[in-house]
Amino acid sequence: MTLSLCKRVGILTCLAVLGTAISMLAQTRVAAPEAALPAVYQNWLDQDVAYIISDEERAQFLAFADDKDRDNFVRAFWEKRNPSPGNRENAYKEEHYRRIAYANLHFASGHAGWATDRGKTYIVLGPPDQITTSREFDLPAEIWHYRSTPLTDGRDVKFVDRCKCGEFQLAP
């Protein structure tokens, strides 16, 4: 702001505008660490583990300043989920990446399969026990049936292709 403008609108108004600008700049700088994350780690966070990482784990990961700490975190992240701790093979991690690959192959529609509603459901819940196809208000629909197990309640998940373009979206 120029001095002549400040004289016209008043010094308090100029100070308020300047304060707001400084505050916005400070907020931008606070958000910078995630933006500065190397692509391999950003992809791991936003794609590979997007649906399974907790908010606390995400915050912890983003707080690291160097790649060595990030690599150690990734190793510990998968080891914590390893059904056979200490074993070199991690069935959970292998199954997770298998589900992502399956989702990308079978549910892509305008964007990657992992990012679709069916892809997310498949990655998180696994393959349904049964799929029923139907029409809902003349739109293609799928109902994925999951049976009850000792660890989970049974549930049905319904998807509708509202655009008739193969992009099934989660139905209410």
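Residues numbered from 1 in each chain as written. Predicted model: local features only at pLDDT ≥ 70, side-chain atom pairs only at ≥ 80, totals over all residues. Heavy atoms only, no water.

### Examining the state of the cysteines
Tallied over the entire structure, the rule returns one disulfide. Paired by a disulfide, Cys163 and Cys165 hold their sulfur atoms 1.8 Å apart. Across the S-S bond linking Cys163 and Cys165, the dihedral sits near -50°, which makes this disulfide left-handed. (Disulfide = S-S within 2.5 Å.)

### Remarks on the side chain of Arg81
Considering the arrangement of structural elements, one finds Arg81 in helix α5 (residues 67-81). Accessibility expressed as a relative area gives 19% for Arg81, which makes it buried. In this structure, Arg81 is in contact with Ile52, Ile53, Glu57, Asn90 and Tyr92, ignoring residues within four places of it in sequence. (Helix = DSSP H or I, 4+ residues; strand = E, 2+ residues; numbered from the N terminus. Buried < 20%, exposed > 50% of the residue type's maximum accessible area, 1.4 Å probe, protein only. Contact = heavy atoms within 4.5 Å.)

### Considering the environment of Pro140
Considering the arrangement of structural elements, one finds Pro140 in strand β2 (residues 139-146). Remark: the alpha-carbon pair of Pro140 and Phe168, spanning 28 residues in sequence, is separated by 8.3 Å. Ignoring anything within four residues of it in the chain, the contact list for Pro140 reads Ser134, Arg135, Phe159, Val160, Asp161, Lys164 and Phe168.

### A short note on the confidence of the model for the protein chain
Taken residue by residue, the protein chain gives an average pLDDT of 84. The fraction at 70 or more is 80%. Of the regions scoring below 50 in pLDDT, residues 1-9 engages in six contacts with residues more than four places distant in sequence or in other chains. A low-confidence stretch, residues 11-34 stays under pLDDT 50, and its non-local contacts, those more than four residues away or across chains, total nine contacts. (pLDDT = per-residue confidence, 0-100.)

### Here's the deal with the environment of Thr132
Along the polypeptide, Thr132 turns up in strand β1 (residues 130-136). The partly exposed category is assigned to Thr132, whose relative accessible area is 29%. Between the C-alpha atom of Thr132 and that of Lys158, which follows or precedes it by 26 residues, the distance is 9.3 Å. Residue contacts for Thr132: discarding those within four places in its chain leaves Ala141, Glu142, Ile143 and His145.

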